[in-house]
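Below, each chain spelled out in residue letters.
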Amino acid sequence: MHPREALIEAVQGSLGELPPRMASRLKTILARLPQNPEPAELDKIDRFRSIIMSSAAGKDSPLVDSMDLLTASLRGIHRAARKPARAISKIDAPDLMEAAIQGPLAEAEQVLEAAHDGTGLKAEDAACLLHSGLDLEELLQAAGKVSRRVHGRTVGLYAPLYLSNECVSNCVYCGFQMQNKQVVRRTLDESEVLREATSLRKKGLRHLLLVAAENPILVDVAYLQRVVAALRPRWEAIDVELGPLSVEGYRALEKAGAGGVTIYQETYERKVFQDVHRYGLKNRYDTRLETPERALDAGLGRIGIGVLLGISEPGAELLWLIGHANYLRERYPNLQLSISLPRFRPESTGYDAPYPVSDEQFLRYAATARLALPWAGFVVSTREEPAMRERLLRAGATRLSAESSTNPGGYSVAPESGQQFEIADHRSIDEVALSIEKADLRPIWSP
Ligand code: SF4
């Protein structure tokens, strides 16, 4: 049987998982599917897939697996079965971490020794590196060494360009949350975006990260397409950090000239995720978790993932992040993945992060992440102070933001608009570049 027919048959065989009306609609669509479906027909099937994946979150579901393979195959993508939510939630991160940090030091030392080969670690092995008995300096040195062996001595510089702070979500930890009345709201129009970009371009930057609060009306795909297309001729690389889009949405941005998507899960702990993303678009756990794959399916090859340290048990979050990264690499061997571990910074929200992360813990997490995922890039933003950023450079950071502003228009157009968080490194791009050189590394102005 042709693989596509086999996949359709597999979906049809699992339709019992759906409510009868939905099952019947999907059955009819599949029965009428032409040999070369139009994009609109593919979108329809994609929408079914999204609904099915969201409703089956965390459960074993043959329908999810077969729908996923079918939608990939209809778009000409062939790959192994996907199980994102379950692949990650299967890692019992809190237990693993507890066992490893209380386990024998000799075991942790063995894992560190093995990590020197630069092939990376599974989450369960990475847990051992969180053992407090391991010397932190030794860990940091190993991380730096392995990272340089894989990535060379270059460190990319980039800057975020905020398009909008008019958010329809209410995340407890974020200055942009809808109910924060202290924020001066602003969405840049296209000419303002170009002016902002020009002021960054003059400083030598060639890699831009477009950031926007979640607002599918003000920041819709058409607006994003226009902005990306207008910027692209003058920028070597443009990535976006936005609320999740569909495959079609990402495809439109890729056609306009975007090359990557940054999307942090913030927390992989499902219960905490629901608690901190109180309402609004961001509280769809699975939609967010599957976003990197939708972006990759659309042809955007540069992906950034991360967790916001402080809102949940950080060691467990790190292990889930490692599990997620390894999972993505297994399915998309050519992806260019980077990870980031932003620490919560106090905002004008009154939120008190329940798991503050000390500098020492943070360095241990960073070094562990480098050794577990040496093939991935490691991004450090201006949330961290200069001294910490310099330590992280030596421990394998591969990309730094510089001279960042976290409000729309903050570089030149609208300095008065509200910022997402207070930055901690106020050095100029040239000063950051100099500090990279002082660490015997080479700053580059692209990804
Ligand atoms: S984290 Fe994002 S979605 Fe949540 S309030 Fe802030 S900008 Fe909006």
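Residues numbered from 1 in each chain as written. Predicted model: local features only at pLDDT ≥ 70, side-chain atom pairs only at ≥ 80, totals over all residues.

Enquirer: Help me out: how do you make sense of the overall build of the protein in this one?
Expert: The helix and strand tally for the protein stands at 19 helices and nine strands. Taken over C-alpha atoms, the radius of gyration comes to 22 Å for the protein, in line with the 22 Å a tight globule of 447 residues would show. For the protein, the C-alpha atoms occupy an extent of roughly 65 × 60 × 40 Å along the three principal directions. Of all intrachain contacts in the protein linking residues separated by at least 6 positions in sequence, the fraction that spans at least 24 positions is 78%. (Helix = DSSP H or I, 4+ residues; strand = E, 2+ residues; numbered from the N terminus. Rg over C-alpha atoms; globule rule 2.2 N^0.38 Å. Contact = placed C-beta atoms within 7 Å.)

Enquirer: What is the right way to read unusual backbone geometry from this model?
Expert: One can expect most non-glycine residues to show negative phi and most peptide bonds to be in trans. Residue glutamate 266 is not a glycine yet carries a positive backbone phi of 70°. Since 24 C-beta atoms lie within 10 Å of it, glutamate 266 is described here as buried. In this model, glutamate 403 sits at a positive phi of 50°, which is unusual for a non-glycine residue. With 20 C-beta atoms counted inside 10 Å, the residue glutamate 403 sits in the buried group. (Buried ≥ 20, exposed ≤ 12 C-beta atoms within 10 Å, placed from the backbone.)

Enquirer: I would appreciate a short explanation of the site of the ligand in the present structure.
Expert: Around the ligand, the surrounding shell consists of Cys167, Ser169, Cys171, Cys174, Phe176, Gln177, Ala213, Glu214 and Lys282. The residue inventory of the shell around the ligand, partitioned by class, reads five nonpolar, two polar and two charged. (Near = placed C-beta within 6 Å. Nonpolar A, V, L, I, M, F, W, Y, C, P; charged D, E, K, R; others polar.)

Enquirer: Help me out: how do you make sense of helix α11 (residues 221-231) in this one?
Expert: Three or four residues apart is the spacing at which side chains of an α-helix point the same way, because the helix has 3.6 residues per turn. Restricting attention to buried positions, one finds in α11 the residues Leu224, Val227, Val228 and Leu231. All buried residues of α11 lie within an arc of 95° about the axis, which places them on one face of the element. Along its buried surface, α11 packs onto β1 (154-164), α10 (190-201), β2 (207-212), β3 (237-241) and α12 (247-256). (Arc of directions from axis to C-beta.)

Enquirer: Is there a simple way to think about the packing of helix α6 (residues 93-102) against helix α16 (residues 314-331) in this case?
Expert: Helix-helix packing is described using two parameters, namely the angle between the two axes and the distance between the axes. It is at 8 Å that the axes of α6 and α16 come closest, and there the two elements cross at 115°. Relative to α16, the element α6 is oriented roughly perpendicular. Viewed along their axes, α6 and α16 form a crossing whose handedness is right-handed. Across the interface between the two elements, Ala93, Pro94, Leu96 and Met97 of α6 pack against Gly315, Ala316, Leu319 and Trp320 of α16. The residue inventory of the contact of α6 with α16, partitioned by class, reads seven nonpolar, one polar and no charged. (Axes fitted to C-alpha atoms, helices over the stretch in contact; angles between N-to-C directions. Parallel < 35°, antiparallel > 145°, perpendicular 65-115°, else oblique. Left-handed = near helix turned anticlockwise from the far one by under 90°.)

Enquirer: Got a minute to help me understand the environment of threonine 154 in this structure?
Expert: Tracing the sequence through the fold places threonine 154 in strand β1. By the C-beta count within 10 Å, which is 14 here, threonine 154 ends up partly exposed. Measuring from C-alpha to C-alpha, the distance between threonine 154 and arginine 442 comes to 4.6 Å, with 288 residues separating the pair along the chain. Apart from residues no more than four positions distant in its own chain, threonine 154 is found in contact with Arg442 and Ile444.

Enquirer: Just checking my understanding: could you explain the pairing of strand β6 (residues 336-340) for this structure?
Expert: Sheet faces and side chains relate simply in a regular strand, where the side chains alternate between the two faces. Burial analysis of β6 places four of its five residues in the buried class, the great majority of the element. Pairing of strand β5 (residues 302-306) with β6, which is carried by five bridges, proceeds in the parallel orientation. Directly across from isoleucine 305, in β6, lies its bridge partner isoleucine 339. Two strands pair when backbone bridges link them, and β6 and strand β7 (residues 377-380) are joined in this way by three bridges, in the parallel orientation. In the strand pairing of β7, serine 340 is matched with valine 379. (Pairing = 2+ DSSP bridges.)

Enquirer: Sorry if this is basic, but what is going on with the domain arrangement of the protein here?
Expert: Reports often express the size of an interface as the amount of accessible area lost when the parts come together. Under the domain assignment, the protein is made up of domain 1 (3-82) and domain 2 (148-444). The straight-line distance from the C-alpha centre of domain 1 to that of domain 2 is 32 Å. (Domains from an automatic or database assignment.)

Enquirer: So what exactly am I meant to see when it comes to the packing of α10 against α11 here?
Expert: Close contact between α10 and α11 brings their axes to 10 Å; oriented N to C, the two are set at 40°. Two packed elements cross with a definite hand, and for α10 against α11 that hand is right-handed. On α11, the residues that touch Glu190, Val193, Leu194 and Ala197 of α10 are Arg226, Val227, Ala230 and Leu231. Partitioning the contact of α10 with α11 into residue classes produces six nonpolar, no polar and two charged.

Enquirer: Sorry if this is basic, but what is going on with the nonpolar core here?
Expert: Nonpolar side chains tend to gather and get buried jointly when the protein is soluble and globular. In this structure, Leu161, Leu208 and Leu319 are the most contacted members of the largest nonpolar core, which totals 114 residues. With eight residues, α16 is the single largest residue contributor to this core. When near neighbours in sequence (up to four residues on either side) are disregarded, leucine 319 contacts Ile91, Ala93, Leu96, Met97, Ala123, Ala126 and Ala127. Counting residues in each nonpolar core, the second largest holds twelve residues, with Leu7, Ile8, Ile45 and Ile52 among its members. (Core = buried A, V, L, I, M, F, W, Y, C linked by C-beta atoms within 7 Å.)

Enquirer: Can you walk me through α6 in this structure?
Expert: Listing the buried residues of α6 in full gives Ala93, Leu96, Met97 and Ala100. In a view along the axis of α6, the buried residues occupy a sector of 95°, so they form one face of it. Along α6, exposed side chains directed more than 90 degrees from the buried face belong to Asp95 and Gln102. Looking at the buried positions of α6, the neighbouring elements they touch are α8 (123-128) and α16.

Enquirer: Looking at this model, I keep getting lost on the environment of alanine 230. Mind explaining?
Expert: Structurally, alanine 230 is set in helix α11. A count of 16 C-beta atoms within 10 Å places alanine 230 in the partly exposed class. Sequence separation of alanine 230 and alanine 256 is 26 residues, and the distance between their C-alpha atoms is 8.6 Å. For alanine 230, the residues in contact, after removing those within four places along its chain, are Glu190 and Leu194.

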